[in-house]
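Listed below, chain by chain, are the residues.
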Amino acid sequence: GVRLTGREALALLPYARRDALAFYAELLARHGDTVSMPVAPRTKFHVLSRPEHVAHVLVGNQANYLKARTYRPLTEVVGNGLLTSEGEHWARQRRLVQPMFSRRHVVSFGGDMASAATRAVDTWADDARIEAATTMSALALDVVGRALFGADLTGDAAGVAPTMDLLMDRMIRVTSNPLFWITPNYHEWRTPNRRKADAAKARLDAIVDRMIADRKRRGSGDGDGDGDLLDMLLAARDAESGTAMSEQQVRDELMTFMVAGHETTANTLVWTFSLLSTHPEARRRLESEVDSVLAGRVPDADDADKLEWTNAVVSEALRLYPPAWTLEREAIADDEVDGVRIRAGSMVATPPWLVHRHPEHWTNPEGFDPERFLPEAARGRHKFAYLPFGGGRRQCVGSGFAMLEAVLILAVITQRYRLDLAPGVRPRPDPMITLRPRGKVPMTVRAR
Ligand code: HEM
């Protein structure tokens, strides 16, 4: 590991902000597995890239690490939901929410996932131009709307996308302001930026409020909490106290699912189609698997399990472009990793973006090669060499949902269309809160 001085770190800051991905990659290529730099007085930022070290932070010594302060602005949007809460409150919510994402429930959303894709594809025609980021975002919002509320949110897509853009932009602005690092509640200051973000959040709140009001009017499902996620949240009872969630808690969890569950999946799909467009061999193999396994049927969750190559394609896209490109924690007490002292209060990043490219764990790390994720090939790999869904107790509760969704949508689209990037377009990743493509992603759809 290497420790940079304040002066060195400061000199790198403009570069780091302009292109965080290249910055991280270069630091590690030059300085080894662990790089430490000061971000504020007495606060260091440690970047880890080796699976063993990542496993220590996320699992081995996980009780010593909380979500980092960089997640704080996110609480403005998702409140005290699962993604941002800590301690006993988080543990209780996790116990309640985890069963809602069991295989049995996730499978029950397979129909919604496939039909959302079918509806989208039905609006396309041979040789049509689409903008992939907007298209996939609307599609993922449709799925999440149906799974969460059993409702059609397609009419809201045009409003949700710019709202998400605004909120992400705010999070980046806040955390890259030096004041944030020396003022504990800087994110609460009523800056013009904050007011804009509040207005944006109000638009998302309005959707959630509308859904809850609608459910109250109609009465929730059949009361056994077996319907959509809103039904399950309303029916959930704490095992010890037998109490239900407060209405505010239900709102926060709904908002969490909406924010955590739609943007990430949408990005996964954009990267997947973009990679397939430049890897015709992998795409031909995908088409032949989809044609032979599905034989023209609309796929369900059982079919998704049989689509080995399709799954591998999605997994490999998640390796190269992990939507949650970095994970950040803060140490409660002193710790040591890779011979580096991690003081209490320091920040530790374990970016999947870097771990997924570690040269000792991946051959040809920059290459797109779904073969790596065929069952035989994956054997013997370090458990933490691949962590698109994080790891340890805070790992993604929606990973099964997300994989099924991406595989079903990819399969349904592939049955009918082939997507090609417009000539000369090569999307570059933009490390916002999620790893999005920079700018627009024009693609042409061609009927197969
Ligand atoms: C947490 C990735 C889809 C809900 C996480 C974390 C990652 C992640 C890396 C851990 C963050 C950390 O430890 O700092 C992804 C990716 C997705 C995806 C890459 C899509 C490809 C979803 C979906 C849902 C969801 C579809 C729900 C509908 C959550 C929640 C948490 C979480 C609630 C917080 C869990 C906790 O802290 O207990 N996700 N996610 N995610 N994700 Fe996902």
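One can find the structure itself at the top, above this paragraph.
Structural notes, computed from the coordinates. Bear in mind the structure is a predicted one, so any value in this text is a computation, not a measurement. (Residues numbered from 1 in each chain as written. Predicted model: local features only at pLDDT ≥ 70, side-chain atom pairs only at ≥ 80, totals over all residues.)

### Some details on the overall build of the protein
Helices and strands together make up the secondary structure of the protein, namely 19 helices and 13 strands. A compact globule built from 448 residues should have a C-alpha radius of gyration of about 22 Å, and the protein, at 22 Å, falls within 12% of that. If you line up the protein on its principal axes, its C-alpha atoms span 60 × 55 × 45 Å. By the burial criterion, 44% of the 448 residues in the protein qualify as buried. (Helix = DSSP H or I, 4+ residues; strand = E, 2+ residues; numbered from the N terminus. Rg over C-alpha atoms; globule rule 2.2 N^0.38 Å. Buried ≥ 20, exposed ≤ 12 C-beta atoms within 10 Å, placed from the backbone.)

### Describing the site of the ligand
Around the ligand, the surrounding shell holds 23 residues, and the nearest of these are G261, A324, G390, C396 and G398. When residues of the shell around the ligand are traced back to their parent elements, those giving at least two are helix 13 (247-277) and helix 19 (399-416). At seven residues, the largest contribution of residues to the shell around the ligand is made by helix 13. By residue class, the composition of the shell around the ligand is 13 nonpolar, eight polar and two charged. (Near = placed C-beta within 6 Å. Nonpolar A, V, L, I, M, F, W, Y, C, P; charged D, E, K, R; others polar.)

### Focus on unusual backbone geometry
Outside of glycine, negative phi angles account for most residues, and trans bonds account for most peptide bonds. For D127, which is not glycine, the phi dihedral falls at a positive 75 degrees. In this structure, D127 sits in the loop between helix 7 (110-122) and strand 5 (128-131). Classification of D127 as exposed rests on a count of 9 C-beta atoms within 10 Å. Of note in this structure, D338 is not a glycine but carries a positive phi near 55 degrees. With respect to the helices, strands and loops of the structure, D338 is situated in the loop between strand 7 (335-337) and strand 8 (340-342). The exposure class assigned to D338 is partly exposed, which follows from the 17 C-beta atoms found within 10 Å.

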